[in-house]
Amino acid sequence: MIHPLLSNEQTSQFAELALPLPLRQTFTYRLPENMRENVRIGSRLLVPFGKRNLTGYVVELHEELDEALEVEESQIKDAVELLDAEPLLTAEILKLTQWTADYYAASWGEVLKASLPAGVNVETEQIVEITTQGRDELLKVTTAKTAKAQLLQYLAEHEEVSMRSLGKKFGASTASRIIRDLVQQNWVSSVQRTLSTKAKPKRRKAVRLLPNFKPFVFNDKQEQIIQILIENKGEIGFAELLEEADVSSSVIQTLEKKGVVEIFVREVFRNPLENAKIPDALDLTLTDGQADAFEIIANAINSDKYHSFLLHGVTGSGKTEIYIRAMKKALELGKTGLMLVPEIALTPVFSRRLSQVFGDEVAILHSSLSTGERFDEWRRIRKASARIVIGTRSAIFAPLQNIGIIIVDEEHDGSYRQQESPFYHARDVAVVRANFANAVVVLGSATPSLETFHNAKNNKYTYLHLPNRIGNRPLAKAELVDMRNEFRENGKDVVFSNELLKAIEETHSKGEQSIILLNRRGFSQFILCRSCGDTIRCQNCDITLTFHRRDNVLMCHYCGFRAKVPQKCPFCDSKFIYFIGEGTEQIEDILRRRFSGLRIARVDRDSTRRRKSFEETLIDFSEHKLDTLVGTQMLAKGHDFPKVTLVGVVSVDAGLALPDFRSAERTFQLLTQVAGRAGRGLLQGRVIIQTFYPDHYALQHACTQSYENFYNEEIRFRQKLGYPPFVALASILVHHANYNYAFDNAQILKECLQSANTDRQARILGPAPAPLPRLKGEHRLQLLIKAANRKKLRELLDFGLHEAQEKFCDLRCVNVEIDPVNLL
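Residues numbered from 1 in each chain as written. Predicted model: local features only at pLDDT ≥ 70, side-chain atom pairs only at ≥ 80, totals over all residues. Heavy atoms only, no water.

Visitor: Before we move on, could you go through the nonpolar core and cite the residues and values that matter?
Guide: If you look at the biggest cluster of nonpolar residues, it comprises 130 residues, and the most contacted ones within it are Leu45, Leu340, Ile396, Leu629, Ile732, Val734 and Ile785. Excluding anything up to four places from it in sequence, Leu340 contacts Gly391, Thr392, Ala395, Ile396, Ile407, Val408, Asp409, Tyr416, Ala426 and Ala430. Formed by 29 residues, the second largest nonpolar core is a distinct cluster that contains Leu273, Ala330, Leu464 and Leu466. (Core = buried A, V, L, I, M, F, W, Y, C linked by side-chain atoms within 4.5 Å. Buried < 20%, exposed > 50% of the residue type's maximum accessible area, 1.4 Å probe, protein only. Contact = heavy atoms within 4.5 Å.)

Visitor: Which residues make up the sheet that holds strand β24 (residues 562-564), and what are the values?
Guide: The three strands are arranged β22-β23-β24 in an open sheet whose pairing can be described as antiparallel. Every other strand in the sheet has two partners, leaving β22 (546-548) and β24 as the edge strands with one partner each. Taking the axes of each pair of neighbouring strands and ignoring which way they run, one obtains an average angle of 35 degrees across the sheet. (Pairing = 2+ DSSP bridges. Helix = DSSP H or I, 4+ residues; strand = E, 2+ residues; numbered from the N terminus. Axes fitted to C-alpha atoms, helices over the stretch in contact; angles between N-to-C directions.)

Visitor: I'd like a description of the side chain of Arg44, backed by residues and values.
Guide: With respect to the helices and strands, the residue Arg44 is situated in strand β3 (residues 44-49). Looking at Arg44, the relative accessible area reads 5%, which means it is buried. Separated by 2.7 Å, the side chains of Arg44 and Asp84 make a polar contact. (Polar contact = N/O pair within 3.5 Å; in protein donor to acceptor, adjacent residues only side chain to side chain.)

Visitor: Account for the confidence of the model for the protein chain, naming residues and giving values.
Guide: Any segment with low pLDDT has predicted coordinates that should not be analysed in fine detail. When pLDDT is averaged along the protein chain, the result is 87; 95% of the residues meet or exceed 70. Note on residues 1-9: pLDDT under 50 across the span, and 15 contacts to partners over four residues away in sequence or across chains. (pLDDT = per-residue confidence, 0-100.)

Visitor: Can you break down the pattern of salt bridges residue by residue, with the values?
Guide: Applying the stated criterion across every chain, the model contains 36 salt bridges. In this structure, Glu361 engages Arg387 in a salt bridge whose closest nitrogen and oxygen atoms are separated by 2.7 Å. Of this pair, Glu361 sits in the loop between α12 (347-358) and β14 (362-365) while Arg387 sits in the loop between α13 (371-382) and β15 (388-391), and the two are 26 residues apart along the sequence. Arg387 sits in the partly exposed class, given a relative accessible area of 21%. Linking Arg602 and Glu588 is a salt bridge whose minimum nitrogen-to-oxygen distance equals 2.8 Å. Taken together, the residues span a long stretch of sequence, with Arg602 in strand β26 (residues 600-603) and Glu588 in helix α18 (residues 584-594) at a distance of 14 residues. (Salt bridge = Lys/Arg side-chain N within 4 Å of Asp/Glu carboxyl O.)

Visitor: Describe the environment of Arg686, naming the residues involved and giving the relevant values.
Guide: Looking at the element boundaries, Arg686 is found in strand β29 (residues 686-691). For the pair Arg686 and Lys477, spaced 209 residues apart in sequence, the C-alpha to C-alpha distance is 4.8 Å. When neighbours within four sequence positions are excluded, Arg686 is seen to be in contact with Ala476, Lys477, Glu479, Glu499, Ala503, Glu506, Thr645, Leu646, Val647 and Ala678. Separated by 2.6 Å, the side chains of Arg686 and Glu499 make a polar contact.

Visitor: Outline a negative patch on the surface, listing residues and values.
Guide: Together, Glu231, Glu240, Glu243 and Glu244 give the surface a local cluster of negative charge. At three residues, the largest contribution of residues to the negative patch is made by helix α8 (residues 238-245). Along the chain, Glu240 turns up in helix α8. (Patch = residues over 30% accessible without salt bridge, like charges linked within 9 Å, V, L, I, M, F, W, Y side chains within 5 Å. Areas by Shrake-Rupley, 256 points an atom, 1.4 Å probe, with all protein chains shown as cover. Lys, Arg positive; Asp, Glu negative; His and termini not counted. Charge placed at Lys NZ, Arg CZ, Asp CG, Glu CD.)

Visitor: Now, about the packing of helix α5 (residues 163-170) against helix α6 (residues 172-184): what can you tell me, with residues and values included?
Guide: Across the interface, α5 lies against α6 with an axial gap of 7 Å and an inter-helix angle of 120 degrees. Between α5 and α6, the crossing angle belongs to the class labelled oblique. The two elements α5 and α6 meet at a crossing, and its hand is right-handed. Where α5 approaches α6, its residues Met163, Leu166, Gly167 and Phe170 are matched on the opposing element by Ala172, Thr174, Ala175, Ser176 and Ile179. (Parallel < 35°, antiparallel > 145°, perpendicular 65-115°, else oblique. Left-handed = near helix turned anticlockwise from the far one by under 90°.)

Visitor: Can you tell me about helix α9 (residues 249-257), naming the residues and giving the values?
Guide: Where α9 is concerned, the buried positions are Val251, Ile252 and Leu255. For α9, the angular spread of buried residues about the axis comes to 95 degrees, placing them on one side. If you follow the buried residues of α9, they end up packed against β9 (202-209), α7 (220-231), α8 and β11 (261-268). (Arc of directions from axis to C-beta.)

Visitor: Run through the packing of helix α21 (residues 663-675) against helix α23 (residues 707-721), naming residues and quoting values.
Guide: It is the contact of α21 with α23, at a shortest axis distance of 11 Å, that shows an interaxial angle of 170 degrees. One way to sum up the angle between α21 and α23 is to call them roughly antiparallel. Here Ala664, Glu665 and Phe668 of α21 lie close against α23, whose contacting residues are Tyr707, Phe710, Glu714 and Arg718.

Visitor: Go over the packing of aromatic side chains with me, naming the residues and quoting the values.
Guide: Applying the stated criterion across every chain yields a total of 19 aromatic pairs. When the centroid spacing of 5.7 Å and the interplanar angle of 85 degrees are considered together, the rings of Phe453 and Tyr463 count as edge-to-face. Of this pair, Phe453 sits in helix α15 (residues 450-457) while Tyr463 sits in strand β18 (residues 462-466), and the two are 10 residues apart along the sequence. According to the relative accessible area criterion, Phe453 is buried, its value standing at 3%. Geometrically, the ring pair formed by Phe668 and Tyr707 is tilted, given 6.2 Å between the ring centres and 50 degrees between the ring planes. Of this pair, Phe668 sits in helix α21 while Tyr707 is found in helix α23, placing the two residues 39 residues apart along the sequence. An identical accessibility class is assigned to Phe668 and Tyr707; each is buried. Three or more aromatic residues joined by ring pairs form one cluster here, namely Phe453, Tyr463, Phe668, Tyr697, Tyr707, Phe710, Tyr711 and Phe717. The aromatic ring of Phe436 is capped on one face by Lys95, whose charged end is 4.4 Å from the ring centroid. (Phe/Tyr/Trp six-rings, centres within 6.5 Å; stacked < 30°, edge-to-face > 60°. Lys NZ or Arg CZ within 6 Å of the ring centre and 35° of its normal.)

Right, dumping it as structure tokens:
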């Protein structure tokens, strides 16, 4: 339990710390006397752990040792350094992260680290130095030098060297083994050195006009300097002043000597929107449906009580305007607002719109910002200079005070789930944070997740429905093209049906725009030898390599491994190499060759590596400098292009075939979302979906864009097969480079879970190879737990993991996911 901050009169001898390690426990450290009056709950301390120093987070303070801790005072180590004059972590964030760690069976320290901006955590490195004894021993070496002698010689020539540098030169394992031996022999010394943080305030020279300066005869350039300072409220950056006045620095220095101006250093906040083009303000009138939904949400904000809403509106129904007015209402009441979006790609669109309404009170948080930008935005939020925050999933931990509303746009999106430790779902954390803060949470989507819609049907969330588009514009007409018929007509597989090609040509001839979707990047899906039938696979993962023609390389999309494109089969030397499957790169190539006059851009992770390139492409498309966008699901949601009248879906069949109970739901959501990009202006939209499975219910309902019909059919399957929302689900992944080691640990874990399942209220499936049985050099075994409720699930997990640890199961290679959204 988190205790309130101790008063200044009280001093504590011991601190309980959460460390950023995959361990579900806290650690006790002694506070040296010079720290005791300054350490507060929420402060960061540098503490020794094993042979290294770590940044820990103070979650509790003790005046004396608690007997329940069961630790001898002699075993307790001293903290090394207090890192914060004022605690970075607020009481609210501590409470929220503690809940997150507990619910998701994660490490509290790892969740706390994830809640802070990248670059603020202090890092240490191991420094090695040769001793006098080591130099003496080096002189005795007369024979051919061994690796040990070579490393010792290197240290003698370079004095202090980091282990990272030695690892690069001699190999990490070799260097580690040799240094361990040399330290034992006292030939080298090894210490931990603290590195400076990557994120620091940006400081620049500036000039200010001094009050009551003694007048004298100014020349023209000096007069110009003074006039510019007056126009800028008496203060301006030094470099900006030089540029604007077009003078040398000596002119400013002369004015300083005369006591007219002062040259000083000031902190400059890095603004992610500094050069952004902010659109003109819009004066929009709400539809009756929008007005009704907004009134209900506004009344909830006024109540100062927790309320949760599902805002279910078709694409183009005006959900964004309701979000903005709700946040405006919160600000009018002296509260703050937080808006989560699933993709970094959506933040430029929304942040510009929010800046148009709220100005400098908007802060942005996402991983594409530079370390400095993210640090500055976080500090603006912490200081209450920014009261509206927009960001991706980690922004849920933004240190806002007095939250009035939290909005989760496209709440169904899987991007809200953190796919590496610490595992959490930002949507669910948002609901809990709103509950803790007596705030309002709005979950918005045109295609809500089945769990969210089920909760709304059971009155856990208040249901708000926007069934019509703005201006009663019709939804785009969708149609399925059976690619089996195309094969029969053409006598071969084709990428584009005649219907889709004809539609692209007609759209272009009318001066309208189109979007072509294929949720697979690269040029060809894999390479096949037609002689021996082998494929070229990743050396680290059990997956085929994808061909990227632009870079002429084979690439693994999971670990990043790259290989050269072979001229012949590496297994049988055959020259009959066949490139199978298509990706967005190939789609772009086909369209460029077929329609030479079409201005085309591709949007996927490969084409948008350069910062702001995606943003620039979207702006060009919105200004009709481009005719067609080809891309992955990055194009499917949140974008508003009034001139897009055609959306073509090359294929979604691969997504339907994935071994995951959510495959149909994800396919339906993707198709409905991308269909919503068409016909948002005055013209009727059209959607063409190519498939080999035209009778699949997910595709049929996507064509009619009937969410309720899809929900009713899909929910029956979930209930019959025992999947969420009718059970509480956990996925346990046991991974290790050695398959037998992973299997043995998985078996121990299975036995412990079974012994805990005495009342048989849960089903334990596995261990079995995961759908992707090997990734990044590790074998992966999966267990699934289906429990009647979350309480039973947690009891089973807590007991099972504890028993497994007692039986020497290596929990370092065990990942537990509560409520997983992806079983691959």
